[in-house]
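A structural walkthrough
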There are 2 protein chains.
Amino acid sequence: MEAPIMSSDLADDLRRVLDGPRRQIRDDCRALDPSLVGPPPQPLPMDEHRARVTDQLLRLADEPFPGWGFAEDQGGSGRFADSVTAFEMLGHGDLSLFVKAGVQWGLFGGAVALLGTERHHHLLPRIISGELLGCFAMTETGHGSDVQGLLTTATYDRDTDEIVVHTPSAEARKDYIGNAARDGRLAAVFAQLVVDGTSQGVHCVLVPIRSEDGAALRGVTITDCGPKLGLAGVDNGRLVFDHVRVPRANLLGRYGDIGADGTYASPIEKPTKRFFTMLGTLVRGRISVSGGAGAAARSALVIATRYGDTRTQFAPPDSDDETVLLDYRTHQRRLLPRIADAYALALTQNEVVTAMDDILAGRTTDEQDVRQLETRAAGLKALTTRHATDTIQECREACGGAGYLWANRLALLKADTDIFTTFEGDNTVLLQLVAKSLLGEYADTFGDLDTAGIVRFGARVAAGAVLERTAVRGLVQRIIDAAPGREEDATFADRGVQLRLICDREAHLIEGLAARLRRADEPDVDTFESFNNTQDHLVATAVAHVERIVVEAFAEAVEDAEEGPARDLLSRVCDLHALSVIERHKAWYLEHDRLSPARTKALTAYVNEICAELRPHAVTLVDAFGVPEALLTTEMLDGS
Amino acid sequence: MEAPIMSSDLADDLRRVLDGPRRQIRDDCRALDPSLVGPPPQPLPMDEHRARVTDQLLRLADEPFPGWGFAEDQGGSGRFADSVTAFEMLGHGDLSLFVKAGVQWGLFGGAVALLGTERHHHLLPRIISGELLGCFAMTETGHGSDVQGLLTTATYDRDTDEIVVHTPSAEARKDYIGNAARDGRLAAVFAQLVVDGTSQGVHCVLVPIRSEDGAALRGVTITDCGPKLGLAGVDNGRLVFDHVRVPRANLLGRYGDIGADGTYASPIEKPTKRFFTMLGTLVRGRISVSGGAGAAARSALVIATRYGDTRTQFAPPDSDDETVLLDYRTHQRRLLPRIADAYALALTQNEVVTAMDDILAGRTTDEQDVRQLETRAAGLKALTTRHATDTIQECREACGGAGYLWANRLALLKADTDIFTTFEGDNTVLLQLVAKSLLGEYADTFGDLDTAGIVRFGARVAAGAVLERTAVRGLVQRIIDAAPGREEDATFADRGVQLRLICDREAHLIEGLAARLRRADEPDVDTFESFNNTQDHLVATAVAHVERIVVEAFAEAVEDAEEGPARDLLSRVCDLHALSVIERHKAWYLEHDRLSPARTKALTAYVNEICAELRPHAVTLVDAFGVPEALLTTEMLDGS
């Protein structure tokens, strides 16, 4: 493949593919005033940064997109995919603003919209406009990933027709709550709902926490989480409730409500299913985090790739011309596979956002589709945030000292996105949820990771049913079927061979997991120990599953692209992505006799070859990300 | 292995081994006032943090150890190992202070002491006391790793008997220079020395940069690098020289001087050898960085392990008792192998510091030993800083949201140590130096990584000579010889089997590299391409070499330990370290038919088993690091 003659055209064609169906939204966001969304030009003291972000948030409220995320009958415009896409684009700006906006409109507004009923929806216009700022008070000091274990109580008092919200212990303190330390007036508080002495499980209650003048309301103790590694502009805080009384109507009662007669009723009988249905409505949060993490990683890749394309170091002997960093294989290896991964994840993100839109807009109501979206959102969040953390780190190192300077953006990207692996679900926990969902019994127990429970139900799963649930899409199956079956004819350049290897690993891991869990269900086996012995297998299975979904999305995007140089280049990037995934798991392919030693050695050589082939296109490939130039501080970009 | 009855005794015995020969120094440092060495209780604005660190530095100057690093006839006390050990202990405090002290006493003072002559040594008492603060001005904007390519010139002017220091281009600007933006008065400037029109290569010249009142001196332009990802308390700056004149005597002339008659003379004829001899004297810097990185990683492991030992999440079914994080296998896998690595690296660090002491104190003058120390310092710096960056990241994630809070120390440890992979030699470059040194011709060309040069000399190396140079120590050879030779008798629990596998990988990689380079030396081969095609092999070889050195040091420490429960535990930690290394390279062992698939699967199972076995000792193992409690902020350590 030769260096492109008109790389800007090529970049534009690639960008068309990456931007996907919501290109206009992205372009509108690219055109936003950088001061509206960008990070402060200098690090600010925490208080000033918070004030700046609040100000940006309120200015952002004047833009149309905060309303897109809400249904038309709730004061919004029901453009859910557009909303999440615009939010993703904020990920190129100050991540503090990204998170603050996510808390206000996504989490807090989302809880009111999706868990509340008509009696709460009148609040939404003020939430959209930023007039009413709020908190999403789920996590407690003692319970983060395990939401079912929350300790805060919301007890119905029939005598006064009120709900009493209370923090019974230090562990039950609401912690790390965004918007709590400074701005939030109203909190959506997740608590164990107790009616007539019976616990109905976790529900969400609206609790005013601060008066108009900013003082904490009676019974509410607000403290500041203080400075953090990053996200200095987000006012994370802690909330403690001392028997705080709110009207019964403050219960967000869509999935479980207390009637005027003081009795509890829910449209979903089984408490676990009720709980996971409630949580499921919040799937948008995970999709959004994944979007922002992907955007931040792309920003970092643009910075590091441009730097590596101009920065020289060491001259070959007999030459005074120093070698450009990206001409070194070690440097190509650091950046190019990550660029390819960034393409794959961005394309998958587009698909997931479209699927989410179908569900939120009511075009799809199939339970199976809803569950699949939840699984994919969880898995993609885990993979994309891992990718972002690792990639931004690699980019920092690849820019040496220049990468360490605040002016060059990588420092802030790194510090700010670090917590993305943890929030909206710790990645290790999420991956276990994904694996569990693959094993079935999803609808009732999704997320119910009470350790050994998984062993029990896993044991009842037939491997065939699992494989049906994880069937690849038709297009991919056709590509695989077209690949040569005999190993000696199968070259790594063949997309079908790539896909078959990746699908094969997923299928083998799932089958093995199911078999293992069946064995673990013998009467005298210690269930916790069995679960624990299976935990790494569970995580590996989930990763393999999501990797397959991602490579499928990439392969399909290549198939769908218009023929031409951009598609050829895209296809090579897809090769690099797919083969990097296989190379990363080389030990597994060897251990399971899927690839011979000679073949894995050839694989490594071939990945090197693709890196060298793509190297002249490196800058084109990152230009295609379409990151607004004003958001990439350029001090070092001359590469001197 | 049962849980220890008296874990504090056990921790103390382990600490004795880890502290090594300089336990008293470590205990003295542990007893220092935390306010003298600790980070600020809150993040400070950059200017305040810098002022705080300068103040700490000056208070530290009242302690005895800054003088330990200088010879007795230079106003010091010649306790080199003690000095580096004390410096390592600073790595548990504010890393900004660690770096600032390293710049002042290690780099700046070290350059004056080791590159200067008697006419410069009168400065050392004022450098030791902190009265004269200075800079080590080596790196330029355009040249970091490639020090030989520096562009700053130091031209001797015979007419005035002065040296003219000049920055000829933007690229030649001195960059990232610690102590430059605020405090430094005198800079040790590395520049191309030109005498009578002839370049003599890079030398170091003392250039006053700032007057007593803090203003930049005439011809010197000082700018501030501004805020960084971490190390906010270090005043990194940039220096530009406009024909700045200094007396001829300011040349640090130990390895090349200009006589009263204006002619240049050097005790080392060959310029390249001269250059690398000069650089070699600065080996202490790399050893110190490795020490500080190791200390920071140990601090992080203490915080995360204690948290994981108390924090609960999710209860097994049929139980209200939630499971402690460290009881989960995924969590054990995250922390225990890293604890084992931390042991291994700390024990190797002790050995390298002792070897350095022998050389700096003149007890060893053997050229081979000097070269070996340089190689090990470079390799250990690369591995320990990589370990620190990855471990602190893992610890942050393992502590979830709590790990993100500034109060819990991990955030600062992470941000501050990030640049350690880059400074004092970029790790990727250092590893190539290590590989090159293994191939020989070390003395003349160490560090001379002018891309394809390595192909040329590599081709002339006989594999036998290389293997001799990398011979394992006698004790290790005896352990290996005692291991069963037949694969079916060889269990992973056998230290000899572990060591044999690790040594075998190193030897195979070196032999392969030499063979590859010989092939690359054919007449019509493009040397840059050959070099580039070999680069990843080069890096893998270096890693394998250093990993072998590290596991050897650990194995020897186990052999040397007094018999008893602490030694038994230590030996298990050594197993975990060695087997984790092998597991990490599982694909290599499979590809090269050193382990069968059945054996690598058994290896993974066995590593899991050791993790579970060590889990009850996890807190004991990190307590043995002896990190001063006052330097571990404890807000979250109750694990609630």
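Remember, predicted model here, so these are calculated numbers, not experimental data. (Residues numbered from 1 in each chain as written. Chains lettered and ligands numbered in written order. Predicted model: local features only at pLDDT ≥ 70, side-chain atom pairs only at ≥ 80, totals over all residues. Heavy atoms only, no water.)

With that settled, consider the overall build of chain A. A tally of regular secondary structure across chain A gives 26 helices and eleven strands. Against the globule reference of 26 Å for 640 residues, chain A gives a C-alpha radius of gyration of 25 Å, in line with a compact fold. By its C-alpha atoms, chain A is 90 × 60 × 40 Å across when sized along the principal axes. Out of the 640 residues belonging to chain A, those deemed buried represent 64%. Pairs at least 24 apart in sequence give 73% of the contacts found in chain A among residues at least 6 apart. Of the roughly 21800 Å² of accessible surface on chain A, a fraction of 50% belongs to carbon and sulfur atoms. Distance from the positive charge centre (67 side chains) to the negative charge centre (96 side chains) of chain A: 2 Å. (Helix = DSSP H or I, 4+ residues; strand = E, 2+ residues; numbered from the N terminus. Rg over C-alpha atoms; globule rule 2.2 N^0.38 Å. Buried < 20%, exposed > 50% of the residue type's maximum accessible area, 1.4 Å probe, protein only. Contact = heavy atoms within 4.5 Å. Areas by Shrake-Rupley, 256 points an atom, 1.4 Å probe, with all protein chains shown as cover. Lys, Arg positive; Asp, Glu negative; His and termini not counted. Charge placed at Lys NZ, Arg CZ, Asp CG, Glu CD.)

Generally speaking, a soluble globular protein has its nonpolar side chains buried in company with each other. One finds Tyr343(A), Phe625(A), Tyr343(B) and Phe625(B) to be the most contacted residues of the largest nonpolar core, which totals 352 residues. Apart from residues no more than four positions distant in its own chain, Phe625(B) is found in contact with Arg15(B), Leu18(B), Arg30(B), Arg298(B), Leu301(B), Val302(B), Ile339(B), Ala342(B) and Tyr343(B). (Core = buried A, V, L, I, M, F, W, Y, C linked by side-chain atoms within 4.5 Å.)

All names here are of chain A. Burial in helix α20 (residues 474-482) covers these residues: Val 476, Ile 479 and Ile 480. Projected down its long axis, α20 shows its buried positions confined to an angular sector of 100°, all on one face. In α20, the exposed positions that point more than 90 degrees away from the buried face belong to Arg 478, Asp 481 and Ala 482. (Arc of directions from axis to C-beta.)

Residue and element names in this part refer to chain A. Spatially, three strands are ordered β4-β8-β7 in an open sheet, and the strand pairing comes out antiparallel. Single-partner strands in this sheet number two, and they are β4 (174-177) and β7 (220-224). Geometrically, the sheet is characterised by an average inter-axis angle of 20° between neighbouring strands, direction not taken into account. The pairing of β7 with strand β8 (residues 237-241) spans five bridges and is classified as antiparallel. If you follow Thr 223 over to β8, its bridge partner there is Arg 238. (Pairing = 2+ DSSP bridges. Axes fitted to C-alpha atoms, helices over the stretch in contact; angles between N-to-C directions.)

Below, the discussion takes up the relation of the copies chain A and chain B. Aligned on chain B, chain A shows an RMSD of 0.0 Å; the corresponding rotation is 180° and the shift along the axis is 0.0 Å. Taken together, the rotation and translation describe the operation of a two-fold axis. The rotation axis passes nearest to the C-alpha of Ala587(A) in chain A, at a distance of 2.1 Å. A shared binding surface is used by both copies, with 99% of the interface residues of chain A retained as interface residues in chain B. (Least-squares fit on C-alpha atoms with pLDDT ≥ 70 in both.)

Moving on, we come to the pattern of salt bridges. Applying the stated criterion to the full structure yields 120 salt bridges over all chains. Arg248(B) serves as the salt-bridge partner of Asp161(B), at 2.7 Å between the closest nitrogen and oxygen. With Asp161(B) in the loop between β2 (153-157) and β3 (162-166) and Arg248(B) in the loop between β9 (244-247) and β10 (257-258), this pair connects stretches of sequence that are 87 residues apart. Salt bridges here are not isolated pairs; linked through shared partners, they connect Asp12(A), Arg15(A), Arg16(A), Asp19(A), Arg23(A), Arg26(A), Asp27(A), Arg30(A), Glu88(A) and Arg298(A). (Salt bridge = Lys/Arg side-chain N within 4 Å of Asp/Glu carboxyl O.)

Residue and element names in this part refer to chain B. Contact geometry for helix α12 (residues 329-360) and helix α22 (residues 527-560): axes closest at 8 Å, N-to-C directions at 85°. Comparing their axes, α22 and α12 come out roughly perpendicular. Contact residues: Ala 340, Tyr 343, Ala 344, Leu 345, Leu 347, Thr 348 and Glu 351 in α12; Ile 549, Val 550, Ala 553, Phe 554 and Ala 557 in α22. Tallied by class, residues from the contact of α12 with α22 come to ten nonpolar, one polar and one charged. (Parallel < 35°, antiparallel > 145°, perpendicular 65-115°, else oblique. Nonpolar A, V, L, I, M, F, W, Y, C, P; charged D, E, K, R; others polar.)

All right, on to the state of the cysteines then. Residue and element names in this part refer to chain B. Following the criterion strictly, the structure yields zero disulfides over all chains and no others. Of all cysteine sulfurs, the one in Cys 395 lies closest to Cys 399, which takes part in no disulfide; the gap is 6.7 Å. With no disulfide partner, Cys 503 has as its closest neighbouring cysteine sulfur the one in Cys 574, 12 Å distant. Given the relative accessible area of 13%, Cys 503 is considered buried. (Disulfide = S-S within 2.5 Å.)

All names here are of chain B. Read across the open sheet, the three strands follow the order β4-β8-β7; overall the sheet is antiparallel. Only two strands of the sheet have a single neighbouring strand rather than two, namely β4 (174-177) and β7 (220-224). Taken over all neighbouring pairs, the strand axes of this sheet differ in orientation by 20° on average, direction set aside.

Here we come to the confidence of the model for chain A. Interpretation of this model should avoid reading the predicted coordinates in detail wherever pLDDT is low. Residues and elements named next belong to chain A. On average, chain A scores 91 in pLDDT, and the residues at 70 or more come to 92%. Ignoring residues within four places in sequence, the model shows residues 1-5, a span with pLDDT below 50, making eleven contacts including any to other chains. The complex prediction reports pTM at 0.94, with the ipTM value standing at 0.93. (pLDDT = per-residue confidence, 0-100.)

With that out of the way, let us pick up helix α13 (residues 367-398) of chain A. Residue and element names in this part refer to chain A. With 32 residues, α13 extends 45 Å between its outermost C-alpha atoms, agreeing within 8% with the 46 Å of an ideal straight helix rising 1.5 Å per residue. Taken across its 32 residues, α13 has 24 buried, putting it largely inside the fold. For α13, the capping residue at the N-terminal end is Asp 366, with a side-chain oxygen 2.9 Å from the backbone nitrogen of Gln 368. Positive phi shows up at Gly 400, right after α13, with a value of about 55°. (Expected span 1.5 Å × (residues − 1). Polar contact = N/O pair within 3.5 Å; in protein donor to acceptor, adjacent residues only side chain to side chain.)

Inspection of the entire model under this criterion finds 24 aromatic pairs over all chains. Residues Phe98(A) and Phe420(A) carry aromatic rings whose centres are separated by 5.9 Å and whose planes lie at 20° to one another, so their mutual orientation is stacked. Pair noted here: Phe98(A) is in helix α7 (residues 95-115) and Phe420(A) is in the loop between α15 (410-417) and α16 (427-438), with a separation of 322 residues, a long-range link. The exposure class assigned to Phe98(A) is buried, which follows from its relative accessible area of 1%. By relative accessible area, Phe420(A) is classed as buried at 1%. Judged by centre distance (4.8 Å) and plane angle (75°), the ring pair of Phe275(B) and Phe276(B) falls under edge-to-face. (Phe/Tyr/Trp six-rings, centres within 6.5 Å; stacked < 30°, edge-to-face > 60°.)

All names here are of chain B. Of all five residues making up β3, four are buried, and the element is well covered by its neighbours. Across five bridges, β2 lies against β3 in antiparallel orientation. Directly across from Thr 153, in β3, lies its bridge partner His 166. Taking the residues between adjacent antiparallel strands as the criterion, β2 and β3 are bridged by four residues, where Asp 161 takes a positive phi near 55°. For β3 and β9, the ladder comprises four bridges, and the chain directions are antiparallel. If you follow Val 165 over to β9, its bridge partner there is Val 244.

The subject of this paragraph is the interface of chain A and chain B. Taken together, the contact between chain A and chain B spans 81 residues of the former and 80 residues of the latter. Among the residues of chain A in contact with chain B, Phe314(A), Tyr404(A) and Glu591(A) are the three that bury the most area, contributing 13% of the side total. Taking the shortest distance from any N to any O, the salt bridge between Asp536(B) and Arg329(A) comes out at 3.5 Å. Inspection of the region where chain A meets chain B yields 60 residue pairs in polar contact (both at pLDDT 80 or more). Per element, the largest residue contribution to the side of chain A that touches chain B is eight residues, and it comes from helix α22 (residues 527-560) of chain A. For the side of chain A that touches chain B, the class distribution of residues is 28 nonpolar, 29 polar and 24 charged. (Buried area = accessible area lost by both parts, 1.4 Å probe.)

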